[in-house]
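Listed below, chain by chain, are the residues.
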Amino acid sequence: MKSLFAAICSVFLLVTTPGSANEQFPVNNVKIIVPFPAGGTTDILARFVAQYLGEKLGVTTIVENRAGASGIIGSEVVAKSPNDGSVLLLTATHHVINPSLYKQLPFDPRKEFSPVALVASAPNALVVTANFPAKNVAELIAMAKKEPGKYSFGSAGIGGANHLSGELFKQMAGVDIVHVPYKGAAPAMNDLIGGHIPIMFDTLPTVLPAASGGTIRVLAVTSKERAASLPDVPTLDEAGVKGFEATAWFGLYMPAANGNPAYTKLVAAMKEILASPATREKFAGQGVEPGKLSGPDFTKFVDAEMDKWANVVKTANVPQQ
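Calculation rules
Counting restarts for each chain, with residues numbered from 1 along the sequence as it is written. It should be noted that, the model being predicted, local features are given only for residues of pLDDT at least 70 and side-chain atom pairs only at 80 or more, the latter also being counted only at that level, while totals for whole chains, interfaces and linings use all residues. For side-chain calculations, the full set of non-hydrogen atoms in the structure is used, while hydrogens and water are omitted. If DSSP finds at least two bridges between two strands, the strands pair. Strands here are runs of E lasting at least two residues and helices are runs of H or I lasting at least four, both read from the DSSP assignment and numbered beginning at the N terminus. With its strands directed away from the observer, a crossover is right-handed exactly when the path from the first strand over the helix to the second travels clockwise. Here the term buried applies to any residue with accessible area under 20% of the maximum for its type, exposed to any over 50%, and partly exposed to those in between, with areas from a 1.4 Å probe on protein chains only. What counts as an axis is a line fitted to C-alpha atoms, over the stretch in contact for a helix, and the angles between N-to-C directions run from 0 to 180 degrees. Each angle receives one of four descriptions, namely roughly parallel if under 35 degrees, roughly antiparallel if over 145, roughly perpendicular if within 65 to 115, and oblique otherwise. With the far helix as reference, a near helix turned anticlockwise by less than a right angle produces a left-handed crossing, and one turned clockwise produces a right-handed crossing. Any two residues whose heavy atoms approach within 4.5 Å at even a single point are treated as in contact. Note on definitions: salt bridges are taken to be side-chain nitrogens of Lys or Arg within 4 Å of carboxyl oxygens of Asp or Glu. Residues are grouped as follows: Ala, Val, Leu, Ile, Met, Phe, Trp, Tyr, Cys and Pro are nonpolar; Asp, Glu, Lys and Arg are charged; every other residue, Gly included, is polar. Definition of nonpolar core: a set of buried residues of the types Ala, Val, Leu, Ile, Met, Phe, Trp, Tyr and Cys, connected through side-chain atoms within 4.5 Å. The rule is short: rings of Phe, Tyr and Trp, with Trp giving its six-membered ring, pair when the centres are within 6.5 Å, and they are stacked under 30 degrees, edge-to-face over 60, tilted in between.

A. Representation of the pairing of strand E1 (residues 29–34) within the structure. Note: E1 against strand E2 (residues 60–65), six bridges, orientation parallel. Residue pairing in the sheet places isoleucine 33 in a bridge with glutamate 64 of E2. Running through helix H2 (residues 41–57), the crossover from E1 to the neighbouring parallel element E2 is right-handed.

Written out as structure tokens, the structure reads:
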């Protein structure tokens, strides 16, 4: 798994050679924009998808990282791009949470995108630096309660699933820890490994390499059931924060397409890709499950998630920006 991760992250562009299927797709070249830095979970998944789509559609695919503003910068690029299938967006739950966090966005996430497929989902993990005094969740909570505001937790940015996992943890555990947002999962993880922040909530694909290398420790996962890749690590529910559950998911979108041929072909291709046993095997190595929703079903899910996270943001008292 570690070698696979290294191989993926060492290649900035995944390129496939166009084949005969290229005649069936409106364009020869497809760019997948990731609105976060290279090395994070979203980026890893995008490079898998780029390879698979290239092979399935017979097109040349590249991944481009356009980080900044909690995913807004890259998302805006896609929203303003042609809807011929040449520019796609692969992003995390920021896409459905940002509408509740920002007073105004430079695009309408409901009207300017066509959701293609739910690519993957994964639990977040509560992790700490290798030398952090707390050996389990109960000890962490006790330390935080003894000295409110002393400890901080990092995330990939304001409003992401890992940030709100931390906010939910604060509420349910009754602790005061300070949120430190970064411009992506990779820089946050680097600071955690370096000891600049003591605590972090992040998805398993980002956590697993560092955890296996012993540079961080995983105290719990945020799903209701234990993760197959970390069977000995308890859930937060098991660790005493009863009822805790929060997962991250990642989706593929294109500019509003109104069911045009490019959209139809992308939905069909992703449905086949995500149902493949090979995809499930590769995704399992990164700690994620392939998605099962595409086209209209995924669109309904995205709309429902926007409504759900709006309530979570309000309850967590996350200020609008």
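So that's the structure; there's more coming.
B. Inspection of the pairing of strand E5 (residues 152–155) at higher detail. Neither face of E5 is open: one carries Ser152 and Gly154, the other Phe153 and Ser155, and all of them are buried. Note that E5 and strand E6 (residues 178–181) share four bridges and pair parallel. Among the inter-strand pairings, phenylalanine 153 is bridged to a residue of E6, identified as histidine 179. Handedness of the crossover joining E5 and E6 through helix H6 (residues 161–173): right-handed. One ladder, built from two bridges, connects E5 with strand E7 (residues 199–203); its direction is parallel. The partner of phenylalanine 153 across the bridge, within E7, is isoleucine 199.

C. Inspection of the packing of helix H7 (residues 185–193) against helix H8 (residues 204–212) at higher detail. Put simply, H7 and H8 touch, their axes get as near as 11 Å, and they point 30° apart. Comparing the axis directions of H7 and H8 gives the class roughly parallel. Classified by chirality, the crossing of H8 by H7 is right-handed. Listed contacts from H8 to Ala185, Met189 and Ile193 of H7 are Thr206, Val207 and Ala210.

D. The pattern of salt bridges, seen in detail. Evaluated as defined, the whole model comprises 12 salt bridges. A salt bridge links lysine 80 to glutamate 112, with the nearest nitrogen and oxygen atoms 3.2 Å apart. Taken together, the positions of lysine 80 in the loop between helix H3 (72–79) and strand E3 (87–91) and glutamate 112 in the loop between helix H4 (94–101) and strand E4 (113–129) put the pair 32 residues apart, joining distant regions of the chain. Classification of glutamate 112 as partly exposed rests on a relative accessible area of 22%. Taken together, the shared-partner salt bridges connect Lys31, Glu64 and Arg66 into one network.

E. Region of interest: the packing of H2 against helix H9 (residues 261–275). Interaxial distance between H2 and H9 falls to 10 Å at its minimum, and their mutual angle equals 115°. Our classification of the angle between H2 and H9 gives roughly perpendicular. Of the two possible hands of crossing, H2 and H9 adopt the one that is right-handed. Of the residues in H9, those in contact with Val49, Tyr52, Leu53, Lys56 and Leu57 of H2 are Lys265, Leu266, Ala269, Met270, Glu272 and Ile273. Class assignment of the residues belonging to the contact of H2 with H9 gives a composition of eight nonpolar, no polar and three charged.

F. Representation of the nonpolar core within the structure. In this structure, Ile32, Leu53, Val116, Met270 and Phe283 are the most contacted members of the largest nonpolar core, which totals 41 residues. Those elements giving two or more residues to this core turn out to be E1, H2, E3, E4, strand E9 (247–255) and H9. For this core, the element with the highest residue contribution is H2, accounting for nine residues. In this structure, isoleucine 32 is in contact with Ala46, Val49, Ala50, Leu53, Ile62, Val63, Glu64, Leu88 and Leu90, ignoring residues within four places of it in sequence. Ala79, Tyr102, Trp249 and Trp309 belong to the second largest nonpolar core, which has 24 residues in total.

G. View of the packing of aromatic side chains. Per the counting criterion, the structure on display carries 11 aromatic pairs. Seen in terms of ring centroids, tyrosine 253 and phenylalanine 298 are 5.7 Å apart; in terms of plane orientation they differ by 45°. Their pairing is tilted. Here phenylalanine 298 lies in helix H11 (residues 295–315) and tyrosine 253 lies in strand E9, a separation of 45 residues in the sequence. Classification of phenylalanine 298 by relative accessible area gives buried; the value is 0%. Among the aromatic residues, ring-to-ring pairing joins Phe107, Phe113, Trp249, Tyr253, Phe298 and Phe301 into one connected group.

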